[in-house]
There are 2 protein chains.
Amino acid sequence: MQNRCPHVLSMDELYAPTLKETPVEAELISHQLMLRAGMIRKTASGIYSYLPLGWRVIKKIEQIVREEMDAIGCQEVSLPVLQPAELWQESGRWPVYGPELMRLTDRHEREFCLGPTHEEIITALVRSELRSYKQLPLTLYQINLKFRDEMRPRFGLMRGREFIMKDAYSFGTDQAALDADYAAQEGAYRKICERMKMDYRIVDADSGEIGGSVSAEFMALAEAGESEIVYCECGFAADTEVCEQESCPQCGAPLQHARGIEIGQIFQLGTKYSEAMGATFQDEDGTDKPFVMGCYGIGVSRIAAALIEQKHDERGCIWPKSVAPAEVAVLALDGVGEVAETAATLAHKLAEADVEVVLDARPERPGVKFAEADLIGWPQQLIVGKRGLAAGIVEIKDRATGETHDAPLDEAVGYLVES
Amino acid sequence: MQNRCPHVLSMDELYAPTLKETPVEAELISHQLMLRAGMIRKTASGIYSYLPLGWRVIKKIEQIVREEMDAIGCQEVSLPVLQPAELWQESGRWPVYGPELMRLTDRHEREFCLGPTHEEIITALVRSELRSYKQLPLTLYQINLKFRDEMRPRFGLMRGREFIMKDAYSFGTDQAALDADYAAQEGAYRKICERMKMDYRIVDADSGEIGGSVSAEFMALAEAGESEIVYCECGFAADTEVCEQESCPQCGAPLQHARGIEIGQIFQLGTKYSEAMGATFQDEDGTDKPFVMGCYGIGVSRIAAALIEQKHDERGCIWPKSVAPAEVAVLALDGVGEVAETAATLAHKLAEADVEVVLDARPERPGVKFAEADLIGWPQQLIVGKRGLAAGIVEIKDRATGETHDAPLDEAVGYLVES
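Participant: Would you mind showing me how to read unusual backbone geometry here?
Facilitator: Glycine aside, the phi torsion of most residues is negative, and most peptide linkages are trans. The peptide bond linking A:Leu136 to A:Pro137 adopts the cis configuration, its omega dihedral lying at -5 degrees. Mapping A:Pro137 onto the fold places it in the loop between helix H4 (119–126) and strand S8 (138–147). Not every positive phi belongs to a glycine, and B:Phe155 is a case in point at roughly 70 degrees. Here B:Phe155 is to be found in the loop between strand S8 (138–147) and strand S9 (162–172).

Participant: Would you mind showing me how to read the sheet that holds strand S5 (residues 82–84) of chain B here?
Facilitator: The pairing of strands in a sheet comes from backbone hydrogen bonds and takes either a parallel or an antiparallel form. All names here are of chain B. Pairing is antiparallel across the open sheet formed by three strands, whose spatial order is S5-S7-S6. With one partner strand each, in any of the chains shown, S5 and strand S6 (102–105) form the two edges of the open sheet. On average, each strand axis in the sheet is tilted by 35 degrees relative to the strand beside it, whichever way the strands run. Two strands pair when backbone bridges link them, and S5 and strand S7 (residues 111–114) are joined in this way by three bridges, in the antiparallel orientation. Opposite Gln83, over in S7, you have Cys113 as the bridge partner.

Participant: Help me understand the relation of the copies chain B and chain A in this model?
Facilitator: Between chain B and chain A, the superposition needs a rotation of 180 degrees and an axial shift of 0.0 Å, giving an RMSD of 0.0 Å. The relationship between the two copies is best expressed as a two-fold rotation axis. Relative to the rotation axis, the C-alpha of B:Leu104 is the closest in chain B, positioned 2.7 Å from it. In this assembly, 100% of the residues forming the interface of chain B have copies in chain A that are likewise at the interface, indicating an isologous arrangement.

Participant: Hey, could you run me through the pairing of strand S19 (residues 328–332) of chain B in this one?
Facilitator: A regular strand carries its side chains on alternate faces of the sheet. Residue and element names in this part refer to chain B. The element S19 is largely enclosed, with a buried count of five among its five residues. Burial along S19 is two-sided: the face carrying Val328, Val330 and Ala332 and the face carrying Ala329 and Leu331 are both buried. Pairing geometry for S19 and strand S20 (residues 357–360), over four bridges, is parallel. The residue bridging Val330 from the neighbouring strand is Leu359, located in S20. Crossover handedness for the path S19 to helix H8 (residues 337–352) to S20: right-handed.

Conventions used here
- Residues numbered from 1 in each chain as written.
- Chains lettered and ligands numbered in written order.
- Predicted model: local features only at pLDDT ≥ 70, side-chain atom pairs only at ≥ 80, totals over all residues.
- Heavy atoms only, no water.
- Helix = DSSP H or I, 4+ residues; strand = E, 2+ residues; numbered from the N terminus.
- Pairing = 2+ DSSP bridges.
- Axes fitted to C-alpha atoms, helices over the stretch in contact; angles between N-to-C directions.
- Least-squares fit on C-alpha atoms with pLDDT ≥ 70 in both.
- Contact = heavy atoms within 4.5 Å.
- Buried < 20%, exposed > 50% of the residue type's maximum accessible area, 1.4 Å probe, protein only.
- Right-handed = clockwise from strand over helix to strand, strands pointing away.

All quantities given are derived from atomic positions and should not be read as evidence of function.
Okay, structure coming up:
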């Protein structure tokens, strides 16, 4: 079968059950569109299954996060979901953490929780083996499932009970080292947001249940955001009324108000966990000191939803190329004959040029293909029809702008590879 | 800093706390070596954290499995760890599944389990949306955490309570379709094993708690294997005393006995779950029929342990190149000066040639570096010393054979890229 190439996704094989109607239980646009585009399905309240298209988006986001963590010298690990109560008793959080902590007992009646965060686990992991100042600084991270038993989970991936996060933990000798680690994470988060074309602001934040002193949140601007944020165009964000940032032209300018979705948070933990759990290193002067720690979370599955909140129109999702489930959709307006054959050839040429491509040569009406392509939100559409082919041209449509233009048949692949 | 290149792992930054002594709690060689090489650490009984080197191995295995699943047209999804009891009541397994099933209740007293397998979830996922025979066959898979509350977990990753598996589920119209899906999975599993240089046999198996009729296990041959298996050199394996395979030279030959570690199992489920849960499609003749299903599991984290059981010596792990945490270790016998600089240059050249490389230029004695390189098990070692450099040569050591040879300085990278 011609389409049975692992490098060309074929819409007649892809499991992406789209919905024409907006599901009544979904309030948020991102939730509606991920359901309608066949990206996720609800398995239980606040618990979702990712279908192939949704999972491709998640893997793209994961890989961007991974690359930016690796680029600043962090090392990837994987920590267990099942966390023994003993470690949470050591940190003091077991009795005080609220009903959001999912607790269970094993067959021997030992208590565990499903990790909402991993400070205890990582501190216990390194405490007897990371012993010398020479090994510091060190930042370990993972991309893994997290659990939080929300009272009323809703909003799809925006606030689930089982979700995917990147969490990183830095270990340093002193406050200066922590400042450097914290700044490195902030820089990496900026790059992550930029690679995903996210419109975001950084705001001061409370440390909450995690603890520590300094903390900041990365907020994706969106009308459906749960928090009001105040910021200046120069990038400064605060609770004051005018910009207090000193070295920018907007200094003293009135601040702007918007709504934001928290997609990441970075914390200076200091010695809260290392002191409570006895995690020390031997410093250059021979004395034992507690690690000065930071922790840095970013919501991988939440980012997928936040991107849709920020980038959509009445027809569907508008994915940036870097996280789209595929970069180009080749739409064959006829499912058979020369049109379908040409479309398949173009799709294979794109795949050979390392463009992620999906081919829609189903026996459906053109209107159905256009509507689904816009709903799913492929960044570029390459439209192959009978009339155009007779004139030696195909149509290229940019999903974000809606602009279309004709391209000579033999130049279309080159154009899409470049763009 | 010269070594701060994301493409060259540096041993002075890598978090890989090696142990000189064999941990007393570890009975199996694979468990001992993964602890000693700083690849895993125990967080609780049967629950492990993966350190950077161990996690690199797991990601390699995952990617091999993913590529072979994609190559036979399977589509990757991700299903929740938290599974609602209702679905297990529908299939009838909730009351009968033993204490290995980890159960918990949420804040609203609703019952859940931590998935040991996902037949219920996947059947519920597709049952109202995969409706036409035209959409079949379809195979969905995931690579995800699984949970099984073992009575006495031990043996490290070989039998944990939280572990990583690939599980695939096929949906077809009839037995012939199931036979084809089952054969495709068997073929993919063979390729997976071959890419990892696994010495394995396929044996008939019981279906156990999963259910269904036909089932086979993929067994890695290893002295520490938990099962005795009987097989003929022709590949046939059975309970009989002589080979009953008809079309091979060894036919009628006495069977051999060995021990095996189960690394994968494939099942023909038939209609057990689709009938119990009302998951039907409309066939070509217009009638509703239950899906004819298969399920196919392979133990990702267990494979890491099984590979060590099969490939090690008294000095440590012997990883095949395809799953090693890096392909080449460049050992600088001096941590400073020309030796260290040449080693760093060679490491960067290897990285530029897309070879995964680790550089050991720590201020340690050569004996320590040799011992750790053998313990971790890098497939190739490139050894740079003062005396060799004076003569314009470096030494290349193959971990598996122990063979070494000298190479001119300017040919070493080329040799390693080729090999």
